[in-house]
Amino acid sequence: MTDISTAAASTAATTAPASPAAPAAAAAADRAVLRRAGDRGWLIDCRALRPAQLATAIRERRWARELREVVPAARTVLVVAEDGAGMDRLAARLRALLDEGAGGPGRAGSAAAPRTVVIPVRYDGPDLAAVAERAGVSPEEVARLHTEAEHTVAFFGFAPGFAYLDGLPEPLRLPRLTSPRARVPAGVVAIAGNQSVVYPGGTPGGWHQIGTTTTRLWDVTAEPPNRLSVGDRVVFRAVGS
Amino acid sequence: MTAAAVESPRASARHAGADARLTVADAGMGTSVQDLGRPGLAHLGVPAAGPADRRGFTLANRLVGNPENTPALETTLGGLVVTLSRSRYVAVTGAPAPVTVDGVPVSEPALVHLPAGARLAIGRPWAGCRTYLAVSGGVEAERVLGSASRDSLTGLGPEPVRAGTVLGIGPARPVPAVPLELAFSPVPGGGSMTARFRWGPRHDLFSAADRHRLTATAWRVSAQCDRVGARLTGPPLSIGSVDLASEGTVRGAIQVPPSGEPIVFLSDHPVTGGYPVIGVLTDADCDLLGQAVPGDELRLVPAPSATPRRSP
């Protein structure tokens, strides 16, 4: 069995009531789990912890120099070590970090304060009317709901610079298009499920396109290429069309 | 005073090699520039890319005296024909294939002195599919996010190599004396190939019968086999649809979609995936699968779960 329970044993949790990590560790079902992912990888199944915060906490450690990749996703953080790093030692370090409650609610303020990035949007997408109809509201109301919500960069995936933004308000949550479009240009603002995205360009796309922005959020010639980072807050602001 | 006279010694050395070029006469079925890729950017959605058979690639560079991360050509199923504007040592490694210079067979393609203007042709491999051509000094190609690797999934990196493509060549390097009988990298030799893997990270979502079937089946590499991944065919696992949020994936991951037929991720794999990963090939055997061709038989064998511990 390769799964290794990471949080302190329940006895340890109950004998350390003063520890801020204790409430998180106490619920056995909420314990983060380390799962082996190949010769050089550990996948941390976060359970009650927040992947974005946990990834930040991992990167802040001095031993993170031994890591090639730290990849937060919806419920996990994948850690891939450089060749030559000791995988058992890495597991022990990750377990120690998890026992401290890194990524837990008690540590919400520990990392650097998240930035807020404002993205101006023209709400004129080809799917805006259909989204409005399915949500039972007007197109203006779709724009209002989208601009008033607070969105957060959850993780990147699918394509370079493709940032999944959590925080789409309930009335706008729809399943993806039944047939994706072959190629979506950069700057298209689209929604699906509980998330929004600003397309980085050149990819297919099955999300509902509600608008466009001229703001470049992903540029391979820039250093760094990403304007958004995991954990950033995003505010969409409507601009006239 | 000429412009060259005021350049630094380093700049003029670069200038002196500036007219050394590699010209592609035929790119075969598929040829791309590769280096060791762009690791460390998966959290931004950027695949690592790099050669499908890293051992074959790094060997080619070592043979001609280049650092391992020097850009070189990866050709699939042969057909690559090139000429150089300057005489250079070149190395041909990876899938063993017939190599000719101006039509004359080369007995030892692992290290060839290629005269200026001579046509070097790589034929269809006898085994495996990916052959590497490194030139002493390396080929010069556009770097995107720090790497000259062409990523077939996202299109990052230099354009695919085509007939007529011209690439600069860096200054020649001293070629080390490597015993050529040691200069080979493993490729599937027909028959059944065995790849070792580690269970996880999601093997516990599979039934005992499915886990047994994964290791007991003689899988076949299907025609859906490229630098992104290799789909295997065989009696499907019964996992069906699993509600799993997308999570980070690694090269060598054995992902099982609802069809039950596994897909093994190779160099250009997406950085996240939502299908459960039952196991991950060992790093060494990822290279072996990077050489697999459709129809090859593949057996998956669990690797020892941990390295043996020394007594204290």
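Residues numbered from 1 in each chain as written. Chains lettered and ligands numbered in written order. Predicted model: local features only at pLDDT ≥ 70, side-chain atom pairs only at ≥ 80, totals over all residues. Heavy atoms only, no water.

1. Structural notes on the interface of chain A and chain B
Phase 1 of the analysis: If you look at the interface, chain A gives 34 residues, while chain B gives 32 residues.
Phase 2 of the analysis: Summing both sides of the interface, chain A and chain B together bury roughly 2700 Å²; the carbon and sulfur share of this comes to 59%.
Phase 3 of the analysis: Taken together, the links from chain A to chain B amount to 3 salt bridges.
Phase 4 of the analysis: Between Arg35(A) and Asp204(B) there is a salt bridge, and its shortest N-O distance comes to 2.8 Å.
Phase 5 of the analysis: The interface formed by chain A and chain B includes 9 residue pairs in polar contact (both at pLDDT 80 or more).
Phase 6 of the analysis: Contributing elements (two or more residues each) for the side of chain A that touches chain B: β2 (33-36), β3 (41-45), β4 (67-72) and β5 (76-81) of chain A.
Phase 7 of the analysis: By residue number, the principal contributor to the side of chain A that touches chain B is β4(A), which donates 5 residues.
Phase 8 of the analysis: Here the residues of the side of chain A that touches chain B sort into 16 nonpolar, 6 polar and 12 charged. (Contact = heavy atoms within 4.5 Å. Buried area = accessible area lost by both parts, 1.4 Å probe. Salt bridge = Lys/Arg side-chain N within 4 Å of Asp/Glu carboxyl O. Polar contact = N/O pair within 3.5 Å; in protein donor to acceptor, adjacent residues only side chain to side chain. Helix = DSSP H or I, 4+ residues; strand = E, 2+ residues; numbered from the N terminus. Nonpolar A, V, L, I, M, F, W, Y, C, P; charged D, E, K, R; others polar.)

2. Description of the domain arrangement of chain B
All names here are of chain B.
Phase 1 of the analysis: Domains assigned within chain B are domain 1 (3-182) and domain 2 (192-302).
Phase 2 of the analysis: Facing the 25 residues of domain 1 at the interface are 17 residues of domain 2.
Phase 3 of the analysis: When the two sides are added together, the surface that domain 1 and domain 2 hide from each other amounts to roughly 1500 Å², 46% of it contributed by carbon and sulfur.
Phase 4 of the analysis: It is Ala52, Arg55 and Arg130 in domain 1 that bury the most area against domain 2; as a group they hold 31% of the surface buried on that side. (Domains from an automatic or database assignment.)

3. Topic: the state of the cysteines
All names here are of chain B.
Phase 1 of the analysis: A full pass over the atoms with the stated rule returns 0 disulfides over all chains.
Phase 2 of the analysis: Sulfur of cysteine 129: no disulfide; nearest cysteine sulfur belongs to cysteine 225 and is 6.3 Å away.
Phase 3 of the analysis: Judged by relative accessible area, which is 3%, cysteine 129 ranks as buried.
Phase 4 of the analysis: Among the cysteines around cysteine 286, which has no disulfide bond, cysteine 225 carries the closest sulfur, lying 13 Å off. (Disulfide = S-S within 2.5 Å. Buried < 20%, exposed > 50% of the residue type's maximum accessible area, 1.4 Å probe, protein only.)

4. Remarks on the environment of His151(A)
All names here are of chain A.
Phase 1 of the analysis: Within the secondary structure layout, histidine 151 lies in strand β7 (residues 151-156).
Phase 2 of the analysis: When the C-alpha atoms of histidine 151 and proline 169 are compared, they prove to be 9.5 Å apart, with 18 residues separating the residues in sequence.
Phase 3 of the analysis: Discounting chain neighbours no more than four positions away, the residues touching histidine 151 are His146, Leu165, Asp166, Gly167, Leu168, Ser196, Asp232, Arg233, Val234 and Phe236.

5. Observations concerning the environment of Ala303(B)
Residues and elements named next belong to chain B.
Phase 1 of the analysis: Along the polypeptide, alanine 303 turns up in the segment after β21 (297-302).
Phase 2 of the analysis: For alanine 303, a relative accessible area of 17% translates into the label buried.
Phase 3 of the analysis: C-alpha of alanine 303 to C-alpha of arginine 62: the two residues are 241 residues apart in sequence and 29 Å apart in space.
Phase 4 of the analysis: In this view, alanine 303 contacts Arg196, Phe197 and Thr282; residues no more than four positions away in its chain are not counted.

6. With respect to the sheet that holds strand β13 (residues 192-199) of chain B
One key point about sheets: their strands pair by backbone hydrogen bonds, in either a parallel or an antiparallel sense.
Residues and elements named next belong to chain B.
Phase 1 of the analysis: In space, the 7 strands of this closed barrel follow the order β13-β20-β17-β18-β15-β14-β21, with mixed pairing throughout. The average angle at which neighbouring strand axes cross in this sheet is 40°, direction not considered.
Phase 2 of the analysis: Where helix α3 (residues 208-216) meets the sheet, its contacts fall on β13, β14 (219-225), β17 (253-255), β20 (277-281) and β21, and the angle it forms with β13 comes to roughly 145°. (Pairing = 2+ DSSP bridges. Axes fitted to C-alpha atoms, helices over the stretch in contact; angles between N-to-C directions.)

7. What to know about the environment of Pro51(A)
Phase 1 of the analysis: Note that Pro51(A) resides in helix α3 (residues 51-60).
Phase 2 of the analysis: Sequence separation of Pro51(A) and Gly206(A) is 155 residues, and the distance between their C-alpha atoms is 25 Å.

8. Describing unusual backbone geometry
Phase 1 of the analysis: The step from Glu223(A) to Pro224(A) runs through a cis peptide bond, and the omega angle for that step is 0°.
Phase 2 of the analysis: Its location among the elements puts Pro224(A) in the loop between β13 (208-212) and β14 (233-238).
Phase 3 of the analysis: Each neighbour pair has its own omega, and for Gly200(B) with Pro201(B) the value is 5°, a cis peptide bond.
Phase 4 of the analysis: Locating Pro201(B) in the fold gives a position in the loop between β13 and α3.
Phase 5 of the analysis: Phi angles above zero are rare outside glycine, and Leu77(B) is one such case at about 60°.
Phase 6 of the analysis: Locating Leu77(B) in the fold gives a position in the loop between β3 (72-76) and β4 (80-84).
Phase 7 of the analysis: Positive phi, close to 50°, is recorded for Asp102(B), a residue that is not glycine.
Phase 8 of the analysis: Mapped onto the elements, Asp102(B) comes out in the loop between β6 (99-101) and β7 (104-105).

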